[in-house]
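Next come the chains, spelled out residue by residue.
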Amino acid sequence: MMKTIDTLRADMIKARLFSYKEISAFRYLSPGMDQQREKVKEALGACNRLTSKMAGCGQVDEWNNVRYCKVPLCPRCFLRERTKQTRQAIRRTFAGATNNDLAFATILLPPVAHLSEVRQLMQREKRKFINLVDRKRRNDIRWNNFQMLGWWEMDRMRFADFNDAGRKTQIALDNLGFPIMGADDDTIWRPHLHVIIETGGLPLEDIKAAFKTDGRTGPYQVHIEQFAPQKPVNKNIQCIVRYCLKFRIETDFKTNDPSDFDQEDRDTKKSRSWWPDADIKAYVMWLNGDEMSGFRSLRFVVGKKKKAVTRPDLINTDSKAQVVSKAEGFGETFPRGMNEVSPKKSSLKEDIFKIHINSKRNINDFNELKYTNNIDRLSNNNKLLLDTN
């Protein structure tokens, strides 16, 4: 059986027969990715502004630069974003970490009937995580090296699909506040969060217990599992970042092991069960609307605690060096018991005041000297007039 050029190219890419530079030069998508791109354009409609942007995505201008539409559901753009996030996670965020240090977690948020409610849920959940970690770090230094990196993801279902869902899904949705009433075809949005956790030496049981005591008490709402020990840590990170940024818009997509996620299954499926066009359009417009800002708004980060630095110039009455924590973007936090204005700043204010007083004195002296010179000049002129007379 003869293969088409698209299928052959996809097989060669999957077999790693091209370098990264060669792959980045390709302006073609695999058959499965191209199907999703065309489906999104079809759902948006020909007159939508994002449709024209997606149509021009991948084109090369006269300066040999590739244009990107930056629509999160565009395969070319989210593949590019996924490569960037994978590289950053491996080389920077989790550099030096082992499989024993990392875990993967999924946190479910309450289902809602309107996308306009999701942004507020995301912000509230992130604030709860930040406050939780901050409280823990005050009492346990092991939380200082704890960090989370993840991405928000969206799933959807019909109201009538609740009765056909599995037992665990029904229990989880019921405890999260699944709507009681609705039409069978009403769309219910199911936001959730996928995160990679660096434990910092904390047991997973303690982390899961902390998450649950912070209000996430629903059954199956929090799921945490250790990284697969049989695979290299970089491979685990790569697969999980792919899973977090998969952007699937199909109703029948499921995977049991995120650490073994394969993006190329889109090319092997003969028929795909897409979301309704109205839901695809609503999701795309929400991601690119005023509430969200594309890929950036989907990223979730809780970093490690900033290391303290010693400031010998800030001393207390006992002449001991103070430790000042620098918070990026918030200036400096002074030690407890110390005035908001340090002695150094106080002396600076005194110096400025002295300079101001001295400058006023100099101005007065200059004016007095100028007046004296004028008087002397007038006296000399008068004397000259008397001499001439």
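Look above for the structure.
Caption draft 1: Spotlight on the packing of aromatic side chains. Summed over the entire model, instances satisfying the criterion amount to 13 aromatic pairs. Their ring planes at 80° and their centres at 5.0 Å tell us that Phe-129 and Phe-211 sit as a pair that is edge-to-face. Taken as a pair, Phe-129 in helix H6 (residues 118–139) and Phe-211 in helix H8 (residues 204–213) lie far apart in primary sequence, 82 residues in all. Three or more aromatic residues joined by ring pairs make a cluster, and in this case those are Phe-129, Trp-152, Phe-211 and Phe-300.

Caption draft 2: Structural view of the nonpolar core. Counting residues in hydrophobic clusters, the biggest one holds 73 residues, and the most contacted among them are Phe-146, Met-148, Ile-207, Phe-211, Ile-237 and Trp-286. Non-local contacts of Ile-237, meaning those with residues more than four positions away in its chain, are made with Ala-89, Ile-90, Phe-94, Leu-102, Ile-196 and Phe-227.

Caption draft 3: Up close: H6. Between its first and last C-alpha, H6 extends 33 Å over 22 residues, near the 32 Å set by a 1.5 Å rise per residue. Buried residues of H6: Val-118, Leu-121, Met-122, Glu-125, Phe-129, Leu-132, Val-133 and Arg-137, and no others. Projection of H6 onto a plane perpendicular to its axis shows the buried side chains occupying an angular sector of 135°, all on one side. Facing away from the buried side of H6, by more than 90 degrees, are the exposed residues Gln-120, Arg-138 and Asn-139.

Caption draft 4: Up close: the environment of Val-222. Secondary-structure assignment places Val-222 in strand E4 (residues 222–226). For Val-222 and Thr-106, which are 116 residues apart along the polypeptide, the C-alpha to C-alpha distance reads 5.9 Å.

Caption draft 5: Structural view of H8. Three or more residues of H8 are buried, namely Leu-204, Ile-207, Ala-210 and Phe-211. The arc that holds every buried residue of H8, seen down its axis, measures 125°, which confines them to one face. Away from the buried face of H8 by more than 90 degrees, exposed residues Glu-205 and Thr-213 are located. Structurally, H8 contributes buried residues whose contacts are with strand E1 (102–108), H6, strand E2 (147–158), strand E3 (187–198) and E4. At the C-terminal side of H8, Gly-215 shows a positive phi close to 110°.

Caption draft 6: Up close: the packing of helix H5 (residues 75–93) against helix H9 (residues 233–244). Here H5 crosses H9 at 145°, and the two axes come no closer than 10 Å. Crossing geometry of H5 relative to H9 is assigned as right-handed. Here Arg-82, Gln-85, Thr-86, Ala-89 and Ile-90 of H5 lie close against H9, whose contacting residues are Asn-234, Ile-237, Gln-238, Val-241 and Arg-242. Here the residues of the contact of H5 with H9 sort into 4 nonpolar, 4 polar and 2 charged.

Caption draft 7: Examining the pattern of salt bridges more closely. Evaluated as defined, the whole model comprises 17 salt bridges. Note that Lys-39 is salt-bridged to Asp-277, the shortest N-O span being 2.9 Å. Here Lys-39, found in helix H3 (residues 31–44), pairs with Asp-277, found in helix H11 (residues 277–287); they are 238 residues apart in sequence, far enough to count as distant. Owing to a relative accessible area of 14%, Lys-39 belongs among the buried residues under this scheme. Given a relative accessible area of 29%, Asp-277 falls into the partly exposed group. One network of salt bridges, with partners in common, ties together Asp-34, Arg-37, Glu-38 and Lys-41.

The rules we used
Residues numbered from 1 in each chain as written. Predicted model: local features only at pLDDT ≥ 70, side-chain atom pairs only at ≥ 80, totals over all residues. Heavy atoms only, no water. Phe/Tyr/Trp six-rings, centres within 6.5 Å; stacked < 30°, edge-to-face > 60°. Helix = DSSP H or I, 4+ residues; strand = E, 2+ residues; numbered from the N terminus. Core = buried A, V, L, I, M, F, W, Y, C linked by side-chain atoms within 4.5 Å. Buried < 20%, exposed > 50% of the residue type's maximum accessible area, 1.4 Å probe, protein only. Contact = heavy atoms within 4.5 Å. Expected span 1.5 Å × (residues − 1). Arc of directions from axis to C-beta. Axes fitted to C-alpha atoms, helices over the stretch in contact; angles between N-to-C directions. Left-handed = near helix turned anticlockwise from the far one by under 90°. Nonpolar A, V, L, I, M, F, W, Y, C, P; charged D, E, K, R; others polar. Salt bridge = Lys/Arg side-chain N within 4 Å of Asp/Glu carboxyl O.

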